[in-house]
Amino acid sequence: MSTEFLSIDTTQSKTEVYKLVAEQLNSLVDTTNPAGSLAHFAALLKDTFQWWWIGVYYSNGSELQVGPYQGPLACSYIAFNRGVCGHAYTTAKSIVVPDVEEFPGHIACSSASKSEIVVPILNNGMVIGVIDADSEFLNHFDDDDRIGLESLASIIAPLVLSLCKLKN
Ligand code: SME
């Protein structure tokens with residue numbers, strides 16, 4: 001059996017690329033292995049978009065804690081009311097940050113990060129975590145990324161829920 005995955009052709013429109021990512025992600029999701037599947041999610045997005053950092057933070061009941069990610073070391077815990085991640089978590093709304101220095105309370109895990117997008121992960125209408133992506137370029141994320149990541153968030157929600165249950 002071949003285990004080689006082909007990289008996604010990123011010369012297509014971003015909407016098309018997100019569609020292909022969603023298809024590949026669906027084939028990688030294994031609900032019996034939530035941490036492994038989320039590691040695949042982070043690797044797939046890092047490989048496709050070459051972002052500086054991409055990963056998941058999820059609720060442990062009292063704060064957000066880091067889940068599987070790709071990129072440099074990041075904060076282990078984020079209070080619900082802190083940073084871009086906490087803001088997206090408490091408002092249940094995606095946030096596109098063109099310049100992290102302009103976002104009050106932004107948490108700089110890496111000084112190389114210049115722009116960011118955070119998308120809530122919902123289960124039955126309740127926020128259980130967030131997808132966070134960082135770029136070393138200003139103004140890197142747009143509405144296509146928001147829409148694309150929101151659709152990926154619904155694919156990974158059952159995996160993230162499993163991690164939340166480990167701590168609750
Ligand atoms: N910048 C985020 C913190 C997480 S790191 O970027 C990976 C924030 O302000 O919530």
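Up top you'll find the structure we're talking about.
The structure displayed is predicted, hence computed values, not measured ones. (Residues numbered from 1 in each chain as written. Predicted model: local features only at pLDDT ≥ 70, side-chain atom pairs only at ≥ 80, totals over all residues. Heavy atoms only, no water.)

> Teacher, can you tell me more about the site of the ligand here?
In the vicinity of the ligand there are 13 residues, among which Val84, Cys85, Ile107, Cys109 and Glu116 approach most closely. A distance of 3.0 Å separates an oxygen atom of the ligand from a polar backbone atom of Val84. Relative to its unbound accessible area of 310 Å², the ligand is 98% covered by the protein chains. Among the secondary structure elements, those contributing two or more residues to the shell around the ligand are β1 (53–59), α3 (83–91) and β6 (126–135). Looking at which element gives the most residues to the shell around the ligand, the answer is α3, with three residues. For the shell around the ligand, the per-class residue count stands at eight nonpolar, two polar and three charged. (Near = heavy atom within 4 Å. Polar contact = N/O pair within 3.5 Å; in protein donor to acceptor, adjacent residues only side chain to side chain. Areas by Shrake-Rupley, 256 points an atom, 1.4 Å probe, with all protein chains shown as cover. Helix = DSSP H or I, 4+ residues; strand = E, 2+ residues; numbered from the N terminus. Nonpolar A, V, L, I, M, F, W, Y, C, P; charged D, E, K, R; others polar.)

> Sorry if this is basic, but what is going on with unusual backbone geometry here?
For residues other than glycine, phi is negative in most cases, and the peptide bonds are mostly trans. Although it is not a glycine, Asn124 adopts a positive phi angle of roughly 50 degrees. Inspection of the secondary structure assignment puts Asn124 in the loop between β5 (115–123) and β6. A relative accessible area of 78% means that Asn124 is categorised as exposed. Residues other than glycine seldom take positive phi values, yet Asn139 does so here, at roughly 55 degrees. By secondary structure assignment, the location of Asn139 is in the loop between β6 and α4 (143–167). (Buried < 20%, exposed > 50% of the residue type's maximum accessible area, 1.4 Å probe, protein only.)

> Hey, could you run me through the pattern of salt bridges in this one?
Note on pairing: side chains with opposite charge can pair once their charged atoms come close. Summed over all chains, the structure comprises five salt bridges. Note that Asp145 and Lys14 form a salt bridge whose closest N and O atoms lie 2.7 Å from each other. On the criterion of sequence distance, the pair formed by Asp145 in helix α4 and Lys14 in helix α1 (residues 14–28) is long-range, its members being 131 residues apart. Overall, the relative accessible area of 2% leaves Asp145 in the buried class. Between Glu150 and Arg146 there is a salt bridge; the shortest N-O distance is 2.9 Å. Of the two residues, Glu150 and Arg146 both sit in helix α4, four residues apart, roughly one turn of that helix. Under the relative-accessibility criterion, Arg146 is labelled partly exposed at 23%. (Salt bridge = Lys/Arg side-chain N within 4 Å of Asp/Glu carboxyl O.)

Any functional reading would require information that these geometric values do not contain.
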